[in-house]
Amino acid sequence: MTAITAAFTVDLRPGEDLPGAAGRFELTKTWTGALEGTSRGTMLTAGDPATGDAGYIASEIFEGAFQGRTGTVALQQLGTMAGGEPALEYVLVPGSGTGALAGIRGTLTIEGIDDDGVHRVGISLA
């Protein structure tokens, strides 16, 4: 595995409700570092975050460059919180890459969120 770092800021906007979800949000992320570009997608939420029990799923398409290779790739997230303890799966979707990103696979880890909202991410390629 290769470990690489990047960062993103996210803009969340409420979207139209969908059956099976407590909330829907449209998202746009601006990526810097090893990933340079923009991703756009949708997040669906459920549960009761105020009690420490909730979850979300999100799917987005990144367009830009990864270590200088340009193309697109889908990113998927599954986040849960039980008793206030978070768990997150965040992956580069196998088979979704285009252009010079065709064939890319791996996982992402949120390593921290700065006070200004910048999310620090570690990327491990498979």
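Just above sits the structure.
Residues numbered from 1 in each chain as written. Predicted model: local features only at pLDDT ≥ 70, side-chain atom pairs only at ≥ 80, totals over all residues. Heavy atoms only, no water.

**So, the pattern of salt bridges**
Between side chains of opposite charge, pairing is possible as soon as their charged atoms come close.
Now for step 1: Evaluated as defined, the whole model comprises four salt bridges.
Now for step 2: A salt bridge links Arg 13 to Asp 11; the nearest nitrogen and oxygen atoms lie 2.9 Å apart.
Now for step 3: In this structure Arg 13 comes out as partly exposed when scored by relative accessible area, which is 34%.
Now for step 4: As a salt-bridge pair, Arg 24 and Glu 26 come within 2.8 Å of each other at their nearest N and O atoms. (Salt bridge = Lys/Arg side-chain N within 4 Å of Asp/Glu carboxyl O. Buried < 20%, exposed > 50% of the residue type's maximum accessible area, 1.4 Å probe, protein only.)

**Things to note about the packing of aromatic side chains**
Now for step 1: Evaluated as defined, the whole model comprises two aromatic pairs.
Now for step 2: Ring geometry for Phe 8 and Trp 31: centres 4.7 Å apart, planes at 50°, overall tilted. In this pair, Phe 8 is assigned in strand S1 (residues 2–14) and Trp 31 in strand S2 (residues 23–33), connecting sequence segments 23 residues apart. Each member of the pair Phe 8 and Trp 31 is classed as buried.
Now for step 3: Seen in terms of ring centroids, Trp 31 and Phe 62 are 6.3 Å apart; in terms of plane orientation they differ by 85°. Their pairing is edge-to-face. You can see Trp 31 sitting in strand S2 and its partner Phe 62 sitting in strand S4 (residues 53–66), a full 31 residues away along the chain.
Now for step 4: In textbook terms, an aromatic cluster arises when at least three aromatic residues are bridged by ring pairs, as seen for Phe 8, Trp 31 and Phe 62. (Phe/Tyr/Trp six-rings, centres within 6.5 Å; stacked < 30°, edge-to-face > 60°. Helix = DSSP H or I, 4+ residues; strand = E, 2+ residues; numbered from the N terminus.)

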